[in-house]
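Given next are the chains, with one letter for each unit.
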Amino acid sequence: MGTYLLVRFELFWQQACNAFAPLNKFSFLFVMLAGHALLGLLAPLVLLGFQLFNPELGTVERWPYLQMLLVLLFCWQGGVAWQQKPVAQQYFVESLAPSAKVAGLSNTLMAVVNQLPFWFLTLPAWAYLLLSSKTMACFDAIQLLLVLMALCLGFKARQTSWLALGAVFVVPAVSLWSLPLLAFMLLERALQQQLDGQQLSAGSLFRYWLYWFIRQQQNKAMVLLIIFVLALWHYWLEQQLKPEAMLFVSSVFSWILALLCYAQQKLWQQHLLAQHYFWLALCTKKQWVLLKLLNVLPVLPAIVLALSFFDAVSAVCTIALAVVLSFWQQLKLLSVASCCFILLVVLN
Amino acid sequence: MLTINNLSFGYGKQQLFSNLKLQLDAGLHWLSGVNGSGKSSLLRVLAGLDKASQGSISFHQHQVGSSAYQTLVSISADAVAPLQDNTVLGVLQLVARCRGTAMEQLLLHAKAFALEPLLKQKVAVLSLGQQKKLSLTLALAANPQLVLLDEPFNALDPDSLIYCCSVLQAAKERGALVLIASHLSPQSFELAVDQHLELKAGGHLSFSSL
């Protein structure tokens, strides 16, 4: 049993490493830059924690922070899907188990390990809210637990509900905020069951891309990350920072947004590659070119978001980066060039 | 002896078989049936990979899922695919560790199936036939008492086919129970099959003469 559990953990680790393998293509400088970006993210995260638990703040003032926490929750919830193996390979791993009980136990353990970041982020917040002497905080804690339980128990394969994600941003500052979330989650689940077995036909290539985009759990996580990055950017905007610091934060967020779009576009490319021969056999040459051009589609949200939220310089930088990343294959050379570019922006 | 009692299994509302009863002694058994009749599902249930909605399965008095049962059983099927992002050698080592099979034994079968030059290749780049050979190597090397094979001869080259048949014949001679699910006719192969079962739609089993 011990050997099998160890093997399962090794496989989990290997899969995690493989998922981040594209990062190996990035040069050292680029990793350094990513590190800076991460620091840029961590600082607001700490602040988010302080603000969320700040007893000085009123209930309404706490709402944006609670919304951010919920987005993070959904992010992790959606993100765990990358760890899932295809069914056939899962059968293979289970066939190596010494007994059905051990197979079941190891599956549960792996699910828990998969969700560690999720619990790490949520449980302290939940405990704090519950232990807080404020009535409203306790009420929030109970609702948070309710949403968590519905996410973990109600949705197979830890699916996140698109509708519930939308609701996070549209629910007004009402006391019973968990109710619309749960209602949307149940509605989406019912819709999923209704549509089960009735696959949407591709129709047009764009509709096919849209269908793929909505179904992919990673895309959900990616969209959420983009929203989260933008929320953080706004948070930074509200701080009275020096213009130099503002420029740095702005360039870091531009990079993150561009990279997220790049990662999302890579997912689509991988999907296309896996079905390369199928599409070649099915499409005319013109349609095949069109299908490949859909690679650029993930850049569109970046353009829209950058133009809507960023200042002119940041928006242009984001769009340029997202487009270049989408087309350029030699990431190593590109990352060096980009670092020089970013340094120039920061130094100026 | 493999004993299946009142076994029912299905996916959602679609019931593949219900109240299936069967007793099989050691030997070579051929399970045929049209596409979708439930052959592969039955093998997966017998391997303990899928759980039946009702009924019981035991082999040599050991219940399916118990550690004693799982030690005796091995399965080779397209739906049980070795990890694609590992090398062939890596998968062999993984199976050796988990199932306690001697590495020499695994390499012996791999060599006989002409997989030796591919040991450092990733499973994902192997051809259909090579993946089938790897799957058979993993299933047969441990000399299990209950061998479950789903379409084992598909995509095999003639040499590998002959070798596979000889290993299955040897397994029968050492007292193992081999259950082969295939839509092909058993007469097409050089195998001394003891029993031919046919799984019909709705999960009814019939025994055909050879």
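Quick caveat, the model's predicted, so the values are computed rather than measured. As a convention, each chain's residues are numbered from 1 in the sequence order in which they are written. Whichever chain is written first is A, and whichever ligand is written first is 1; the rest continue in order. At least 70 in pLDDT is required for a residue's local features to be given in this predicted model, at least 80 for side-chain atom pairs to be given and counted, and no such filter applies to totals for whole chains, interfaces and linings, which use all residues. With hydrogens and water set aside, each side-chain value is computed from the structure's full complement of heavy atoms.

A closer look at the sheet that holds strand β2 (residues 14–24) of chain B
All names here are of chain B.
- Ordered by their spatial adjacency, four strands build an open sheet running β2-β1-β4-β5, and the pairing between neighbours is antiparallel. Each of the sheet's edge strands pairs with one partner strand only, and the pair in question is β2 and β5 (62–63).
- In this description, strands pair whenever DSSP reports at least two bridges between them. A run of H or I in DSSP counts as a helix once it spans at least four residues, and a run of E counts as a strand once it spans at least two, with each numbered from the N terminus. In terms of strand pairing, strand β1 (residues 2–11) meets β2 through seven bridges, oriented antiparallel. Pairing of Ile4 across the sheet is with Leu22, part of β2.

A few points about the packing of helix α3 (residues 88–99) of chain B against helix α5 (residues 128–140) of chain B
Residue and element names in this part refer to chain B.
- Simply put, an axis is a line fit to the C-alpha atoms, just over the touching stretch for a helix, and the angle between two N-to-C directions goes from 0 to 180 degrees. At a minimum axis separation of 10 Å, α3 and α5 run at an interaxial angle of 20 degrees. Here α5 runs roughly parallel to α3, going by the angle between their axes. Remark: the crossing between α3 and α5 carries right-handed chirality. Contacts from Val88, Val91, Leu92 and Val95 in α3 reach Leu134, Thr137 and Leu138 in α5.
- Residues belonging to the contact of α3 with α5 are distributed by class as follows: six nonpolar, one polar and no charged. Angle categories are assigned with fixed cut-offs, so that under 35 degrees is roughly parallel, over 145 is roughly antiparallel, 65 to 115 is roughly perpendicular, and the rest are oblique. Working rule for handedness: look at the near helix, and if it is turned counterclockwise from the far one by less than a right angle, call the crossing left-handed; if clockwise, right-handed. Working rule for contacts: check all heavy atoms of both residues, and any pair within 4.5 Å makes them a contact. Three residue categories are used. Nonpolar comprises Ala, Val, Leu, Ile, Met, Phe, Trp, Tyr, Cys and Pro, charged comprises Asp, Glu, Lys and Arg, and polar comprises the others, including Gly.

Thoughts on the environment of Asn19(B)
All names here are of chain B.
- Following the sequence through the fold, Asn19 ends up in strand β2.
- C-alpha separation for the pair Asn19 and Asn5, spaced 14 residues apart in sequence, amounts to 7.2 Å.
- Contacts of Asn19, omitting those with residues within four sequence positions, involve Asn6, Leu7, Ser8 and Gln54.

Topic: the pattern of salt bridges
Residue and element names in this part refer to chain B.
- Any carboxyl oxygen of Asp or Glu that lies within 4 Å of a side-chain nitrogen of Lys or Arg is treated as forming a salt bridge with it. Tallied over the full model, the rule gives five salt bridges over all chains.
- Among the salt bridges present, the one from Asp194 reaches Lys172, with a minimum N-O distance of 3.2 Å. With Asp194 in the loop between β8 (177–181) and β9 (195–200) and Lys172 in helix α6 (residues 158–173), the pair connects residues that are 22 residues apart, well separated along the chain.
- Any residue under 20% of the maximum accessible area for its type is buried, any over 50% is exposed, and the rest in between are partly exposed; the area is computed with a 1.4 Å probe on protein chains only. Residue Asp194 is classed as partly exposed on the basis of its relative accessible area, which comes to 39%.

So, the nonpolar core
- Counting 81 residues, the largest nonpolar core has Phe92(A), Leu2(B), Leu46(B), Phe153(B), Leu168(B) and Leu191(B) as the members making the most contacts within it.
- It is α3(B) that contributes the most residues to this core, seven residues altogether.
- Just so you know, the domain bounds were taken from an automatic or database domain assignment. Two domains each put at least three residues into this core: domain 1 (1–72 + 144–154 + 167–210) and domain 2 (79–142) of chain B.
- Dropping the residues within four chain positions of it, Phe92(A) is found in contact with Val80(B), Ala81(B), Pro82(B), Leu83(B), Val91(B), Leu94(B), Val95(B) and Leu138(B). Side-chain atoms within 4.5 Å are what join buried Ala, Val, Leu, Ile, Met, Phe, Trp, Tyr and Cys residues into a set we call a nonpolar core.

So far we have only geometry, and geometry alone does not tell us how the molecule works.
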